[in-house]
Amino acid sequence: MPRQLHLSAALDSPGRFDAARFTDLARLAERATLDFVTLDDSYTPEPGRLDALATFARLAPVTRGLGLVPTVTTTHTEPFHTSIAVNTLDWVSEGRAGWLVGVSDTEAEARAFGRRGTAPAEELWAEAADAAEAASRLWDSWEDDAEIRDTATGRFVDRAKLHYVDFEGPHFSVRGPSITPRPPQGRPVIAVTVAAADLAPDADPGGRARVATAARHADVVLLDAPDRATRLTAATELRLRGGEALRILARIPVALTTAAATADLLTEATEGGGGVDGFHLVPADPARDLAVLADHVVPALRERGLFRAGYTGRTLRDRLGLARPASRYASGTGPATTEPPGTGTSATDTSAAGTPAGTPTRPAATAEVTR
């Protein structure tokens, strides 16, 4: 049997978009049974730009199988808040969330926040790697069975199954635990965009740092490469660094206006694509190109045995053939939380002070983030 492809698409497009427009695009992508869609984001002031993560939170209730992978930048965002936001998207989508890691490297973005200036790309991607590490630890900080939700006793959570993450890095420190339960996927899918040039021996420091972030933290790499031979070399190197479980999708601009363009895409898919697991399509016109993809390209791929008949599994990890990771703290090796001094209450065994008996209580927000 031929190897089946993974397909995803970017919903990025110039011009003014609104929630209804993105809803239509997401439904087209879901009709094509794409693994996931991405949406770019930036803190650069731009008329008509919608927050990518908030937009996808809006799309979660109107889709059922489509993965939602917004860009979330790490440069001007607290890692604790990023982890909570992506976790929330995973909950509202019932396990279909991902995070396309981005950085902010322009003066305009720095001025929009006024907290710090710009920094070299190497430093920004090292910080992004720390943010991904902190987020993964925070997602693990609640064991899967930490929630009790026993209204009769007022016990919401087993506090022994919450853990401090105690992350210390050069850019920030995070104590934890998270204030939200573990995501449905255990850890939402992390994606990083990498260029083949980033893997070259003479790559600039920023490119090398981006590759290091992808190799250590990414589940999916979106690979920019100019031709199939370069793609094969880059994909081989990425797997050597990131492991065989890494999913690599070639980023391909498409303009599906003619039969020839569709045939070219089919040929590329049939011939294996150069060592990658599939394609991340960047449509010139998302509405037009996604419709052609759903009505012509995907049916033809199915006829060739190259694409699944429909969605399988429940989560985005299921779609991508990625295992659900166990919490690193579940074995008991990580330190459990302790009652903050002077609280006099226990979220494990009693209701919080002033709360009527029988009401489930959440643990106090014990997270501490320091930059």
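This one's a predicted model, so the numbers in the text were calculated from it and none came from an experiment. What you see as residue numbers is a count from 1 along each chain, following the sequence as written. In keeping with the model being predicted, local features are shown solely for residues with a pLDDT of at least 70 and side-chain atom pairs are shown and tallied solely at 80 or more, while totals for entire chains, interfaces and linings include all residues. As a rule here, side-chain values come from all non-hydrogen atoms in the structure, and water together with hydrogens is ignored.

## Description of unusual backbone geometry
Along the chain, Gly176 connects to Pro177 via a cis peptide bond; the corresponding omega equals 0°. Helix and strand definitions here come from DSSP, where helices need a minimum of 4 consecutive H or I residues and strands a minimum of 2 consecutive E residues; each element is numbered from the N-terminal end. By the element assignment, Pro177 lies in the loop between β8 (173-174) and β9 (189-195). A positive phi angle, close to 50°, is found at Thr33, a residue other than glycine. Along the polypeptide, Thr33 turns up in the loop between α1 (19-31) and β2 (36-39). Phi is positive for Arg149, close to 55°, though the residue is something other than glycine.

## Topic: the environment of Gly243
With respect to the secondary-structure elements, Gly243 resides in the loop between α7 (228-242) and β11 (247-254). Here Gly243 falls in the partly exposed class, since its relative accessible area comes to 26%. With 27 residues separating them in the primary sequence, Gly243 and Arg216 have C-alpha atoms 9.3 Å apart. Accessible area is worked out with a 1.4 Å probe on protein chains only. A residue is then buried under 20% of its type maximum, exposed over 50%, and partly exposed in between.

## Some words on helix α3 (residues 79-92)
What a helix should span is 1.5 Å times the count of its residues minus one. Look at α3: 20 Å from first C-alpha to last across 14 residues, which is about the 20 Å you get at 1.5 Å a residue. Where α3 is concerned, the buried positions are Pro79, Phe80, Thr82, Ser83, Ile84, Val86, Asn87, Leu89 and Asp90. Within two residues after α3, Glu94 carries a phi angle of roughly 60°, on the positive side.

## What to know about the sheet that holds strand β12 (residues 278-283)
Two strands qualify as a pair provided DSSP detects at least 2 bridges between them. A barrel is described by the order of its strands in space; here eight strands give the closed sequence β1-β2-β3-β4-β9-β10-β11-β12, paired in parallel fashion. Strand-to-strand twist of the sheet, defined as the mean angle between neighbouring strand axes without regard to direction, takes the value 30°. Across four bridges, the pairing between β2 and strand β3 (residues 67-73) is parallel. The residue bridging Val37 from the neighbouring strand is Leu68, located in β3. Throughout, an axis means a line fitted to C-alpha atoms (over the contacting stretch in the case of helices), and angles, computed between N-to-C directions, take values from 0 to 180 degrees.

## A look at the packing of α1 against helix α9 (residues 286-303)
Following both chains from N to C, one finds α1 and α9 inclined at 20°, their axes separated by 8 Å at the closest point. Classified by the angle between their axes, α1 and α9 sit roughly parallel to one another. The element α1 and its partner α9 pack so that their crossing is left-handed. Along its contact with α1, which presents Arg21, Leu25, Leu28 and Arg31, the element α9 presents Pro286, Ala287, Leu290, Ala291, Ala294 and Asp295. A breakdown of the residues in the contact of α1 with α9 according to their chemical character gives seven nonpolar, no polar and three charged. Any angle that is under 35 degrees is reported as roughly parallel, and any over 145 degrees as roughly antiparallel; angles of 65 to 115 degrees are reported as roughly perpendicular and all others as oblique. Throughout, a crossing is termed right-handed when the near helix is turned clockwise from the far one, and left-handed when it is turned anticlockwise from it by less than a right angle. Any two residues whose heavy atoms approach within 4.5 Å are treated as being in contact. Under the scheme applied here, ten amino acids are nonpolar (Ala, Val, Leu, Ile, Met, Phe, Trp, Tyr, Cys and Pro), four are charged (Asp, Glu, Lys and Arg), and all others, including Gly, are polar.

## Some words on helix α2 (residues 52-59)
Of the residues making up α2, those classed as buried are Ala52, Leu53, Thr55, Phe56 and Leu59. For α2, the arc enclosing every buried residue in end-on projection is 160°, short of the 170-degree limit, so these residues lie on one face. Residues of α2 that are buried in the fold lie against α1, β2, β3 and α3. Any pair of N or O atoms that falls within 3.5 Å is considered a polar contact. Within protein, one atom must be able to donate a hydrogen and the other to accept it, and sequence-neighbouring residues count only if both atoms are side-chain atoms. Measuring from the side-chain oxygen of the N-cap residue of α2 to the backbone nitrogen of Leu53 gives 3.2 Å; that N-cap residue is Asp51. Taken from the helix axis, the directions to the C-beta atoms give the arc we talk about.

## Examining the packing of aromatic side chains
Working definition: an aromatic ring pair is given by the centre-to-centre distance plus the angle between the planes. The rule is short: rings of Phe, Tyr and Trp, with Trp giving its six-membered ring, pair when the centres are within 6.5 Å, and they are stacked under 30 degrees, edge-to-face over 60, tilted in between. One pass over the full model with this rule turns up four aromatic pairs. With centroids separated by 4.7 Å and ring planes inclined at 75°, the aromatic side chains of Tyr43 and Phe113 adopt a geometry described as edge-to-face. With Tyr43 in the loop between β2 and α2 and Phe113 in helix α4 (residues 107-113), this residue pair connects regions lying 70 residues apart in the sequence. For the ring pair Trp142 and Phe156, a centre distance of 6.5 Å and an interplane angle of 75° mean the geometry is edge-to-face. Residue Trp142 is found in the loop between α5 (121-140) and β5 (147-150), and its partner Phe156 is found in strand β6 (residues 155-157); the two are separated by 14 residues along the sequence. Judged by relative accessible area, which is 1%, Trp142 ranks as buried. With relative accessibility at 4%, the residue Phe156 sits in the buried group.

## Here's the deal with the environment of Pro79
Within the secondary structure, Pro79 is located in helix α3. Sequence separation between Pro79 and Val174 is 95 residues; the distance between their C-alpha atoms is 8.2 Å.

## A few points about the nonpolar core
Counting residues in hydrophobic clusters, the biggest one holds 72 residues, and the most contacted among them are Leu34, Trp99, Leu293 and Leu301. When residues in this core are grouped by element, the largest group, eight residues, is from α9. Only buried residues count toward a nonpolar core. Its members are Ala, Val, Leu, Ile, Met, Phe, Trp, Tyr and Cys residues joined through side-chain atoms within 4.5 Å. Counting eleven residues, the second largest nonpolar core, distinct from the first, contains Val189, Ala191, Val220 and Leu322.

## Structural notes on the pattern of salt bridges
We define a salt bridge as a contact between a side-chain nitrogen of Lys or Arg and a carboxyl oxygen of Asp or Glu at a distance within 4 Å. Taken as a whole, this structure holds 23 salt bridges when the rule is applied. The shortest N-O distance in the salt bridge between Glu127 and Arg116 comes to 3.0 Å. Separated by eleven residues along the polypeptide, Glu127 in helix α5 and Arg116 in the loop between α4 and α5 bring together distant segments of the chain. Under the relative-accessibility criterion, Glu127 is labelled buried at 2%.

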